[in-house]
Amino acid sequence: IANWKSNKTIKETEEWLHSFSDGVKRKGVNVEGKTVIVAPSFTSLEHAHYCLGNLKLSLKFAAQDISPFDEGAHTGEVNGRQIKELADYVIVGHSERRKNFGEDEEMVNQKIEHSLKQELTPIVCVSILEQTQKSKLKSQNYNSKLKSYENKVVIAYEPLFAIGSGKPDTPENANEFAKSIKNELGEIPVLYGGSVKSDNVKSFTSMPHIGGVLVGGASLDPLEFLKIIKNA
Ligand code: 13P
């Protein structure tokens, strides 16, 4: 998953998609068999979705956030029904949102519920195990409809020290963490995120409990992201 965070204009989004597409063709990278997801800003999401029609790439899109409310009088929010037209996934509870916008477990849970209501797959970011324990996914009063979606949730383990630092966690530690998450929540995909690059991706994806990676900085360059996919 490429998490572009607060980067790229509409024009830059189009350029990224064209370079990525050219790279796929020139380097013969087999993207098939791997789920490749790009999470642009809301301003670029519609155009990215439009470009994909012409490029015939097997990419999926994610929104970087979702409103904790249904549609209505919530200025500035983008709700699940709006996202559903453009994306299949939503990043929820990223540590940057928890830290900078005060998102707590209650809000993360509301966002998970609104994603699931629209059949969007939430990619729930956690940096400590406690965040999964407080998750609605585990709660006793979790209603039966949501329960049936449980296996459609993806967890991304992103330790704070590893984000944007160039100092990733060790693959062994990330694997242990992923194993603990699966003990809590069952056999769901667990990804690793934090300073992933093309030269270290394999060390994570070769671990038995790690099902993929969530990439920030290194995903901004389409050819580096392509290398990450190739090496994963
Ligand atoms: P970096 O890959 O830039 O460390 O960011 C990780 C991240 O936060 C992805 O969501």
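Worth saying up front: this structure is predicted, and the values here are computed from it rather than measured. (Residues numbered from 1 in each chain as written. Predicted model: local features only at pLDDT ≥ 70, side-chain atom pairs only at ≥ 80, totals over all residues. Heavy atoms only, no water.)

*Asks:* What is the right way to read the environment of Leu129 from this model?
*Replies:* Examined against the element boundaries, Leu129 turns out to sit in the loop between strand E5 (121-126) and helix H6 (130-133). Along the primary structure Leu129 and Tyr157 are separated by 28 residues, whereas in three dimensions their C-alpha atoms are 8.9 Å apart. With near-sequence residues (within four places) excluded, Leu129 lies in contact with Phe177, Ser180 and Ile181. (Helix = DSSP H or I, 4+ residues; strand = E, 2+ residues; numbered from the N terminus. Contact = heavy atoms within 4.5 Å.)

*Asks:* In this structure, what is going on with the site of the ligand? I would like to understand it.
*Replies:* The local shell around the ligand holds 13 residues, among which Lys5, His94, Gly164, Ser195 and Gly217 are the closest. Between an oxygen atom of the ligand and a main-chain N or O atom of Ser195, the distance comes to 2.8 Å. Here the ligand loses 94% of its free accessible area of 310 Å² to cover by the protein chains. Partitioning the shell around the ligand into residue classes produces four nonpolar, seven polar and two charged. (Near = heavy atom within 4 Å. Polar contact = N/O pair within 3.5 Å; in protein donor to acceptor, adjacent residues only side chain to side chain. Areas by Shrake-Rupley, 256 points an atom, 1.4 Å probe, with all protein chains shown as cover. Nonpolar A, V, L, I, M, F, W, Y, C, P; charged D, E, K, R; others polar.)

*Asks:* How should I be thinking about helix H2 (residues 42-55) in this particular structure?
*Replies:* Each turn of an α-helix holds 3.6 residues, which means side chains three or four residues apart point in the same direction. Along its 14 residues, H2 runs 20 Å from first to last C-alpha, staying within 8% of the 20 Å computed at 1.5 Å per residue. Taken residue by residue, H2 has Ser44, Leu45, His47, Ala48, Cys51, Leu52 and Leu55 as its buried positions. The inward-facing, buried residues of H2 contact helix H1 (10-27) and strand E3 (59-63). Taken from the residues just after H2, Lys56 is the one with a positive phi, measuring 55°. (Expected span 1.5 Å × (residues − 1). Buried < 20%, exposed > 50% of the residue type's maximum accessible area, 1.4 Å probe, protein only.)

*Asks:* Would you take a moment to explain the side chain of His94 for this structure?
*Replies:* Assignment of secondary structure puts His94 in the loop between strand E4 (89-92) and helix H4 (95-100). Excluding residues within four positions of it along the chain, His94 makes contact with Asn3, Lys5, Cys125, Glu158 and Ile163.

*Asks:* Which parts of the structure should I look at to understand the layout of surface pockets?
*Replies:* Using a probe with the size of a water molecule, rolled over the atoms, empty space left in the structure can be pinpointed. Taken as a whole, the largest pocket holds about 470 Å³ of empty space. When contributions to the lining of the largest pocket are tallied by element, the ones reaching two or more residues are strand E2 (36-39), strand E8 (212-214) and helix H10 (222-231). No other element matches H10, which puts three residues into the lining of the largest pocket. Counted by class, the lining of the largest pocket contains 14 nonpolar, five polar and one charged residues. Approximately 280 Å³ is the volume found for the second largest pocket. Lining of the second largest pocket is provided by 14 residues; of these, Lys5, Ser6, Gln64, Glu96 and Arg97 occupy positions nearest its centre. A per-element tally of the lining of the second largest pocket places H4 first, with three residues. Taken together, the residues of the lining of the second largest pocket sort by class into four nonpolar, six polar and four charged. (1 Å grid on protein atoms, 1.4 Å probe; cavity = no way out; pocket = protein on both sides within 12 Å on 5 of 7 lines; lining within 4 Å. Points joined across faces, edges and corners; volume = space filled by probe spheres on them.)

*Asks:* So what exactly am I meant to see when it comes to the pairing of strand E6 (residues 154-157) here?
*Replies:* Regular strands place their side chains on alternate faces of the sheet. The side-chain alternation of E6 yields two buried faces, one formed by Val154 and Ala156 and the other by Ile155 and Tyr157. Sheet topology note: the E5/E6 ladder contains four bridges and is parallel. What sits directly across from Val126, in E6, is Tyr157. Here E6 runs beside strand E7 (residues 190-193); their pairing, made up of three bridges, is parallel. Bridge pairing links Ile155 to Val190 in E7. Between the parallel pair E6 and E7, the chain is carried across by helix H8 (residues 171-185), and the sense of this crossover is right-handed. (Pairing = 2+ DSSP bridges. Right-handed = clockwise from strand over helix to strand, strands pointing away.)

*Asks:* What's the story with H8 in this structure? I'm lost.
*Replies:* The terminal C-alpha atoms of H8, which comprises 15 residues, lie 21 Å apart, in line with the 21 Å expected from a rise of 1.5 Å per residue. Where H8 is buried, its residues touch E5, H6, E6, E7 and helix H9 (201-205). Looking one or two residues past H8, Gly186 carries a phi angle of roughly 95°, positive in sign.

*Asks:* Could you clarify how one ought to interpret the sheet that holds E7 in this entry?
*Replies:* In any sheet, the strands associate via hydrogen bonds between backbone groups, in a parallel or an antiparallel arrangement. The eight strands are arranged E1-E2-E3-E4-E5-E6-E7-E8 in an open sheet whose pairing can be described as parallel. Among the strands making up the open sheet, the edge pair consists of strand E1 (2-3) and E8. Pairing of E3 with E4 involves two bridges; the strand directions are parallel. Its bridge partner lying in E4, Ala63 is registered against Val90.

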